[in-house]
Amino acid sequence: MIFITGPLFSGKRELAKELLHCREEAFSRRAIWNVEELAAGDEDLDALAGRLAEQYAVVIATEVGGGVVPLDPAQRQARERAGRLACLLAQRADTVVRVFCGIPTVLKGRL
């Protein structure tokens, strides 16, 4: 599995499509994005990470921890869970890529 992370609108999906050699129609069957939103639920994060890693060739998460810490406890918890999910996905991934300004940087493995 390839795990791609980075800020909003940084080129993560475009990189994934290029790596998978597919268009939008096939993309949604082979990749999942915005997985940080799935972390906000009650599902066990380890189980969620395992399921995503098995089911998809590419998993994409938007970085959420680089800004101001929210005052609302529920929002803080959602951010923390998103960060933990990203760590679990990175552990399971063969390749981890961070995309910033459209430039991919390989953090683990190879493209």
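The following refers to the structure shown. (Residues numbered from 1 in each chain as written. Predicted model: local features only at pLDDT ≥ 70, side-chain atom pairs only at ≥ 80, totals over all residues. Heavy atoms only, no water.)

### As for the nonpolar core
Convention followed: Only buried residues count toward a nonpolar core, which is a set of Ala, Val, Leu, Ile, Met, Phe, Trp, Tyr and Cys residues joined through side-chain atoms within 4.5 Å. Three exposure classes are used, based on accessible area relative to the maximum for each residue type with a 1.4 Å probe and protein chains only: buried under 20%, partly exposed in between, and exposed over 50%. Under the scheme used here, helices are H or I runs from DSSP no shorter than 4 residues and strands are E runs no shorter than 2 residues, and both carry numbers assigned from the N terminus. Residues count as neighbours in contact if any of their non-hydrogen atoms are within 4.5 Å of one another.
Grouped together as the largest cluster of nonpolar side chains are 19 residues, with contacts concentrated most on Met-1, Phe-3, Val-35, Leu-52, Val-59, Leu-85 and Leu-89. The set of elements that each furnish at least two residues to this core consists of α3 (45–55), β3 (58–62) and α4 (73–92). Counting residues per element, this core draws most heavily on α3, at 5 residues. Discounting chain neighbours no more than four positions away, the residues touching Leu-52 are Ile-32, Val-35, Leu-38, Val-59 and Leu-89. The next biggest cluster of nonpolar side chains, apart from the first, holds 13 residues, and it includes Ile-2, Phe-27, Ala-31 and Val-58.

### A short note on the pattern of salt bridges
Let me state the cut-off plainly: When a carboxyl oxygen of Asp or Glu is within 4 Å of a side-chain nitrogen of Lys or Arg, the pair counts as a salt bridge.
Taken as a whole, this structure holds 6 salt bridges when the rule is applied. Lys-17 is the partner of Glu-24 in a salt bridge, and the nearest nitrogen-oxygen pair spans 2.4 Å. Accessibility expressed as a relative area gives 35% for Glu-24, which makes it partly exposed. Given the relative accessible area of 24%, Lys-17 is considered partly exposed.

### Section: the packing of α3 against α4
To be explicit about the condition: Here an axis means a line fitted to C-alpha atoms, over the contact stretch when the element is a helix, while the angle between two N-to-C directions is reported on a 0 to 180 degree scale. Geometric relationships in this document are graded by angle, where less than 35 degrees denotes roughly parallel, more than 145 denotes roughly antiparallel, 65 to 115 denotes roughly perpendicular, and other angles denote oblique. Here a crossing is called left-handed whenever its near helix is offset anticlockwise from the far helix by less than a right angle, and right-handed whenever the offset is clockwise. Residues are grouped as follows: Ala, Val, Leu, Ile, Met, Phe, Trp, Tyr, Cys and Pro are nonpolar; Asp, Glu, Lys and Arg are charged; every other residue, Gly included, is polar.
Contact geometry of α3 with α4 gives a least axis separation of 9 Å together with a crossing angle of 45 degrees. As far as their axial angle goes, α4 and α3 are oblique. In terms of crossing hand, the pair formed by α3 and α4 is right-handed. The residues of α4 that touch α3, namely those facing Leu-45, Asp-46, Leu-48, Ala-49, Gly-50, Leu-52 and Ala-53, are Arg-81, Arg-84, Leu-85, Leu-88, Leu-89 and Arg-92. Across the contact of α3 with α4, the residue classes tally to 8 nonpolar, 1 polar and 4 charged.

### Thoughts on the sheet that holds β3
Quick note on the threshold: Note: two strands are recorded as paired if DSSP finds a minimum of 2 bridges between them.
One open sheet holds the 5 strands; their spatial order is β2-β3-β1-β4-β5, and the pairing between them is mixed. Each of the sheet's edge strands pairs with one partner strand only, and the pair in question is β2 (31–32) and β5 (103–108). Here strand β4 (residues 95–100) runs beside β5; their pairing, made up of 5 bridges, is antiparallel. Of the residues in β5, the one forming a bridge with Phe-100 is Ile-103.

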